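Spelled out from the first residue to the last, the chains are:
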Amino acid sequence: MSSDTTSLDELYQELIVDHFKNPRCHGALSDPTCFASLLNPLCGDEIELFFRVKEDRVQEVTFQGKGCSISQASASMMCQLFVGKPVAEVSTLVSRFAEMMKGEIPQGDLVQLGDAASLQGVKRFTARIRCAMLSWEAAKLSLKKLEREECTV
Ligand code: ZN
């Protein structure tokens, strides 16, 4: 193992632990435009996701949940990334994250994912991919509901 690889992995690991211990955008929104919750029975992870969207832009997005560090850190990184972004861009970022988990994302596009790029190593552990994907799947579900105007909270 080269020292370069080790230090990058360590950096990513630190970022994941930091988001897990000090989650960003944490808690429920009292007046969300859209809400979704998902479970990952394989690991026992739970994510509840709250979006407030105005004029096709994410004004606020928060999560609450419980589970392993990867699932919770991923949600924190994702919400931090989505705040202030247009809904269309959020939708693209959800696809990008899925591509990263499949190992199909061009290196140059990783930067779009912000801190969430630190989860790229998870793709090596098949059982944990679902943990990392959970909040992003909840986001996809929320956006789909929003599109169909099914968002009655
Ligand atoms: Zn998990």
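Note: the structure precedes this text.
Residues numbered from 1 in each chain as written. Predicted model: local features only at pLDDT ≥ 70, side-chain atom pairs only at ≥ 80, totals over all residues. Heavy atoms only, no water.

Engineer: Would you explain unusual backbone geometry in this entry?
Structural biologist: Peptide bonds are trans in most cases, and residues, glycine excluded, mostly fall at negative phi. At Glu55, a residue that is not glycine, the phi angle is positive and equals roughly 50 degrees. Structurally, Glu55 can be placed in the loop between β2 (45-54) and β3 (57-66). Given the relative accessible area of 74%, Glu55 is considered exposed. The backbone of Asp56 sits at a positive phi, close to 60 degrees, despite the residue not being glycine. Tracing the backbone shows Asp56 in the loop between β2 and β3. (Helix = DSSP H or I, 4+ residues; strand = E, 2+ residues; numbered from the N terminus. Buried < 20%, exposed > 50% of the residue type's maximum accessible area, 1.4 Å probe, protein only.)

Engineer: Looking at this model, I keep getting lost on the nonpolar core. Mind explaining?
Structural biologist: Across soluble globular proteins, nonpolar side chains have a tendency to be buried as a group. In this structure, Leu49, Phe51, Phe82, Phe97, Leu113, Leu119 and Trp136 are the most contacted members of the largest nonpolar core, which totals 42 residues. Look past the residues within four positions of Leu113 in its chain and what remains in contact with it is Leu81, Leu93, Arg96, Phe97, Met100, Ile105 and Trp136. (Core = buried A, V, L, I, M, F, W, Y, C linked by side-chain atoms within 4.5 Å. Contact = heavy atoms within 4.5 Å.)

Engineer: Looking at this structure, I do not really get the coordination of the zinc ion. What am I missing?
Structural biologist: The textbook angles at a metal center are 109.5 degrees for a tetrahedron of four donors and 90 or 180 degrees for an octahedron of six. Ligation of the zinc ion by protein atoms is provided by Cys43 (SG), Asp45 (OD), Asp45 (OD), Cys68 (SG) and Cys131 (SG), these donors lying 2.2 to 2.7 Å from the ion. Spacing between the donor residues of the zinc ion along their common chain follows C-x1-D-x22-C-x62-C. You can see Cys68 sitting in the loop between β3 and α2 (69-82) and its partner Cys131 sitting in helix α4 (residues 126-147), a full 63 residues away along the chain. (Donors = N, O, S within 2.8 Å, 3.2 Å for Na, K, Ca; no water.)

Engineer: Sorry, what's going on with the environment of Asn40 here?
Structural biologist: By secondary structure assignment, the location of Asn40 is in strand β1 (residues 34-40). On the accessibility criterion, Asn40 (1% relative accessible area) is buried. Spatially, the C-alpha atoms of Asn40 and Cys131 are 6.9 Å apart, while their sequence positions differ by 91 residues. Those residues in contact with Asn40 that sit more than four places away from it in its chain are Asp45, Arg130, Cys131 and Leu134.

Engineer: Explanation requested: the packing of aromatic side chains in the structure shown.
Structural biologist: Pairs of aromatic rings are described using the distance from one ring centre to the other and the angle between the two planes. Tallied over the full model, the rule gives four aromatic pairs. Between Phe97 and Trp136 the ring centres are 4.0 Å apart and the planes differ by 5 degrees, which places this aromatic pair in the stacked class. Residue Phe97 is located in helix α3 (residues 87-101), and its partner Trp136 is located in helix α4; the two are separated by 39 residues in the primary sequence. Exposure class is identical for Phe97 and Trp136. Each is buried. Following the ring pairs from residue to residue traces out a cluster consisting of Phe51, Phe82, Phe97 and Trp136. (Phe/Tyr/Trp six-rings, centres within 6.5 Å; stacked < 30°, edge-to-face > 60°.)

Engineer: How should I be thinking about the sheet that holds β3 in this particular structure?
Structural biologist: Sheets are built from strands paired through backbone hydrogen bonds, the pairs being either parallel or antiparallel. The strand order across the open sheet built from three strands is β1-β2-β3, with neighbouring strands paired in antiparallel fashion. A strand with exactly one partner marks an edge of an open sheet, and here the two such strands are β1 and β3. Looking at each pair of strands side by side, their axes are set apart by 15 degrees on average, direction ignored. The sheet contact formed by β1 and β2 spans seven bridges and is antiparallel. Within β2, the residue paired with Cys34 across the bridge is Phe51. Helix-sheet contacts for α2 involve β2 and β3, and the interaxial angle to β3 is about 170 degrees. (Pairing = 2+ DSSP bridges. Axes fitted to C-alpha atoms, helices over the stretch in contact; angles between N-to-C directions.)

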